[in-house]
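Coordinates in review
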Amino acid sequence: MSDILLEDVSKFYGEVLGVNGVNLTIPPGITSLVGPNGSGKTTLMNLMTGLLQPTQGTVRILGLSTAEPEALFRKVGYCTQYDAFPRGLTGFEFLETSLRLHGYGSEQAERLAWTGLERVQLVDAAHQKVAAYSKGMRQRVKLAQSISHGPSVLVLDEPLNGLDPMARAEAIALFREQAAAGRHVIISSHILHEVDAISDRVVLINNGYVVAEGDIHGVREEVPDHPLQILVRCTHPERLAARVFEQNHAVEVKIHEDGQGLLVRTRNAEAFYLLLNRLVTEGGLDVEAVAPADDNVRSVYEYLIGPSGGGI
Amino acid sequence: MDQRWPLWGRQILTILRLELRKNFWGLRAIPMYFLALAPVLLFGARAILPLPARQAGEMGFAANVYAGMFQLFFLRLAVFFGCVAVFSSLFRGDVMEKTLHYYLLAPLRREILVIGKYLSGLVATVAMFSAGAGLSFLLLYVPYGPSGQNFLWDGPGAGQLAAYLGVTVLACMGYGAVFLAMGLLFRNPIVPAAVILGWEGLNVFLPPALKKISVLHYLLSLCPVPFTPGPFAFLTEPTPAWIAVPGLLALTVVVMMLACRQIRRLEISYGAD
């Protein structure tokens, strides 16, 4: 009851597929939805927040049905990608009115609105019309709206869009803080290196289907067609290369031009690491650094969806 | 008392606060101002001109002029189109501006949203059209001097005014509910509004049984001064007030229930609109 559950969820817009046969269990922490434009990320988020109802299947958020907004939105905050605001409102009014719709009295709504504006560094612009805000400010005021009532589940559709680097860093810190407090933070993003840096889990979507999901290392291991790439900075890389080629899991080894390291492509990373440990303990190698080169969202994305996934 | 009632009350007040701003100052308000104030301007201009000698003291003539204006222009066109502009935009306007999700992302029963928006439209249209009907009625009797004053305050004038205002309120309620529902049911509510306008316009030429399938018939039945719109009109007995008023209220409730049912199924898919 404390998770987000999607069971066999499909959504069709007439004959057009939104998402199909989605089964997901999303625990607390930061989960990123990754996929090209039109892959179904926003549809999935709209299904989680009841803005869309599934054609088939069920969605439960912390045990609540998405068809019960009265209960749902006490627990859920949604920062949509829609960049439109009710006319004539200032940033403060936008938040305060939203909190009044939650049922807060005027004093509490005002207090929470100011707290929200402080969280996104918009206090100075509070009494400016939202229509006069920059893209980044609009993004921040939407973010403030989604967190101002203290939800347990945050659904954020492209929340880093339009933010300058400083605001991005602050927003990411905010997401981490929410996740550390045991909340569910679901983010869709095109910016893969940021997804990589902040996500506990990723859900890869393409053409309405969930292609892979889980923590990024787990997802990477489920792509056996693409041997894992491992970078090693060490002395005598040629010795290591010779030993690696003795293994049947090695696919390719490239020695760096500076002669101080190599790139290994292997079908069995565990066996490679065992070999490396053995060589180090035998004293034949001084290893400076070891790091997977394609154990990240970008690589998994390219392997599963393709480099021309769109908009990345 | 259910503890949710105070919450719903606060939520409705918040919706009213937000929507009244749009209804009074937004683009949708322009036709409402124009239509509501047109008879005021007309009778205001008449009030500053000297009365033709043959009309002096002819309160019956003035009452007929007002009855004609109210039934032919005010009810059939002004209130009708004013309600189309205001009520059909309550939801459709937000969908067009891609702002409806602002409400739908709050812990707000969707039925409460329908009621809040409807009340905001009702406050705006009743305020404007009652003001238009009332002011034009008063201005009509200004040129008659003391006899006009006497008619208004000591004669049947005050009763007629109250009846016209009541009919205006009922018209806003009935048409308002219908056009709010149209805004939820149709992507382009102008088409069904045109069909309803055609049906209501044909009403006078319809046989009595068909006349009763219209909002206008019941509103006309409640008007204090009868007015015959022409030689080709089918004359029919007015429906008694004790049927007409509850009938219009019942229509409003039924249509609002339909609107509530519709909004529970509403999905946000701005791209498709």
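Residues numbered from 1 in each chain as written. Chains lettered and ligands numbered in written order. Predicted model: local features only at pLDDT ≥ 70, side-chain atom pairs only at ≥ 80, totals over all residues.

1. Let's talk about the overall build of chain A
Counting its secondary structure elements, chain A contains 11 helices and 14 strands. The dimensions of chain A, computed from C-alpha atoms along their principal axes, are 75 × 45 × 35 Å. A burial count over chain A gives 43% of its 312 residues as buried. Pairs at least 24 apart in sequence give 66% of the contacts found in chain A among residues at least 6 apart. (Helix = DSSP H or I, 4+ residues; strand = E, 2+ residues; numbered from the N terminus. Buried ≥ 20, exposed ≤ 12 C-beta atoms within 10 Å, placed from the backbone. Contact = placed C-beta atoms within 7 Å.)

2. With respect to the overall build of chain B
Looking only at helices and strands, chain B has 12 helices and 0 strands in total. Seen in sequence order, chain B has helices and strands lined up from the N terminus as α-α-α-α-α-α-α-α-α-α-α-α. Its C-alpha atoms give chain B a radius of gyration of 20 Å, within 12% of the compact-globule value 19 Å for 273 residues. For chain B, the C-alpha atoms occupy an extent of roughly 65 × 40 × 40 Å along the three principal directions. The 273 residues of chain B split such that 40% are buried. Of all intrachain contacts in chain B linking residues separated by at least 6 positions in sequence, the fraction that spans at least 24 positions is 86%. (Rg over C-alpha atoms; globule rule 2.2 N^0.38 Å.)

3. Description of the pairing of strand 9 (residues 201-206) of chain A
A regular strand carries its side chains on alternate faces of the sheet. Residue and element names in this part refer to chain A. Taking burial as the measure, the 6 residues of strand 9 include 5 buried ones, the bulk of the element. Two elements, strand 3 (residues 29-34) and strand 9, share 4 bridges in a ladder whose sense is parallel. Its bridge partner lying in strand 9, Ser-32 is registered against Val-202. Bridge count for strand 9 against strand 10 (residues 209-214) is 5 bridges, and the pairing is antiparallel. What sits directly across from Ile-205, in strand 10, is Val-210. Remark: 2 residues form the turn of the hairpin made by strand 9 and strand 10, two consecutive strands paired antiparallel; Asn-207 in that turn has positive phi of roughly 50 degrees. (Pairing = 2+ DSSP bridges.)

4. Some details on the sheet that holds strand 4 (residues 56-61) of chain A
All names here are of chain A. Strands sit in the order 2-1-4-5 across an open sheet of 4 strands; the sheet is antiparallel. This sheet does not close on itself; its edge strands, each paired only once, are strand 2 (16-26) and strand 5 (64-65). With 5 bridges joining them, strand 1 (residues 4-13) and strand 4 adopt antiparallel strand pairing. Looking at the pairing, Ser-10 lines up with Gln-56 of strand 4.

5. Examining the interface of chain A and chain B
One widely used convention gives an interface's size as the accessible area the parts lose upon coming together. Each side of the interface is counted separately: chain A has 24 residues, and chain B has 26 residues. Across the side of chain A that touches chain B, the residue classes break down as 11 nonpolar, 9 polar and 4 charged. (Nonpolar A, V, L, I, M, F, W, Y, C, P; charged D, E, K, R; others polar.)

6. Here we look at the sheet that holds strand 14 (residues 287-292) of chain A
Residues and elements named next belong to chain A. Ordered by their spatial adjacency, 4 strands build an open sheet running 12-13-11-14, and the pairing between neighbours is antiparallel. Each of the sheet's edge strands pairs with one partner strand only, and the pair in question is strand 12 (250-255) and strand 14. Within this sheet the neighbouring strands show an average axis-to-axis angle of 15 degrees, counted without direction. Set on the sheet, helix 9 (residues 237-245) makes contact with strand 11 (228-234), strand 12 and strand 13 (261-266); between it and strand 12 the angle comes to about 170 degrees. Packing against the sheet, helix 10 (residues 269-282) makes contact with strand 11, strand 13 and strand 14, and its axis sits at approximately 15 degrees to strand 11. (Axes fitted to C-alpha atoms, helices over the stretch in contact; angles between N-to-C directions.)

7. Digging into the nonpolar core
Nonpolar side chains tend toward joint burial in soluble globular proteins. Among the nonpolar cores identified, the biggest contains 145 residues, and A:Leu204 and B:Val79 are the most heavily contacted of them. When residues in this core are grouped by element, the largest group, 15 residues, is from helix 3 (residues 59-87) of chain B. Once you skip the residues sitting within four places of it in the chain, A:Leu204 turns out to touch A:Val34, A:Gly35, A:Val211, A:Ala212, A:Glu213, A:Val300, A:Tyr301, A:Leu304 and A:Ile305. With 11 residues, the next largest nonpolar core counts A:Leu228, A:Val232, A:Val264 and A:Leu276 among its residues. (Core = buried A, V, L, I, M, F, W, Y, C linked by C-beta atoms within 7 Å.)

8. Quick notes on the domain arrangement of chain A
Along its sequence, chain A is organised into domain 1 (4-220) and domain 2 (228-293). Here the C-alpha centre of domain 2 of chain A lies 42 Å away from the C-alpha centre of domain 1 of chain A. (Domains from an automatic or database assignment.)

9. Considerations on the packing of helix 3 of chain B against helix 9 (residues 190-202) of chain B
When two helices pack together, their arrangement is given by the angle between the helix axes and by the axis-to-axis distance. Residues and elements named next belong to chain B. Between helix 3 and helix 9, the shortest axis-to-axis distance is 12 Å and the interhelical angle comes to 160 degrees. Judged by the angle between their axes, helix 3 and helix 9 are roughly antiparallel. For the crossing formed where helix 3 meets helix 9, the hand is right-handed. Residue-level inspection shows Arg-76, Phe-80 and Val-84 of helix 3 in contact with helix 9, the latter providing Ala-193, Leu-197, Glu-200 and Gly-201. Looking at the contact of helix 3 with helix 9 residue by residue, the class counts come to 4 nonpolar, 1 polar and 2 charged. (Parallel < 35°, antiparallel > 145°, perpendicular 65-115°, else oblique. Left-handed = near helix turned anticlockwise from the far one by under 90°.)

10. Some words on the environment of A:Ala271
Tracing the sequence through the fold places A:Ala271 in helix 10. What A:Ala271 contacts, discounting residues up to four positions off in sequence, is A:Gln247 and A:His249.

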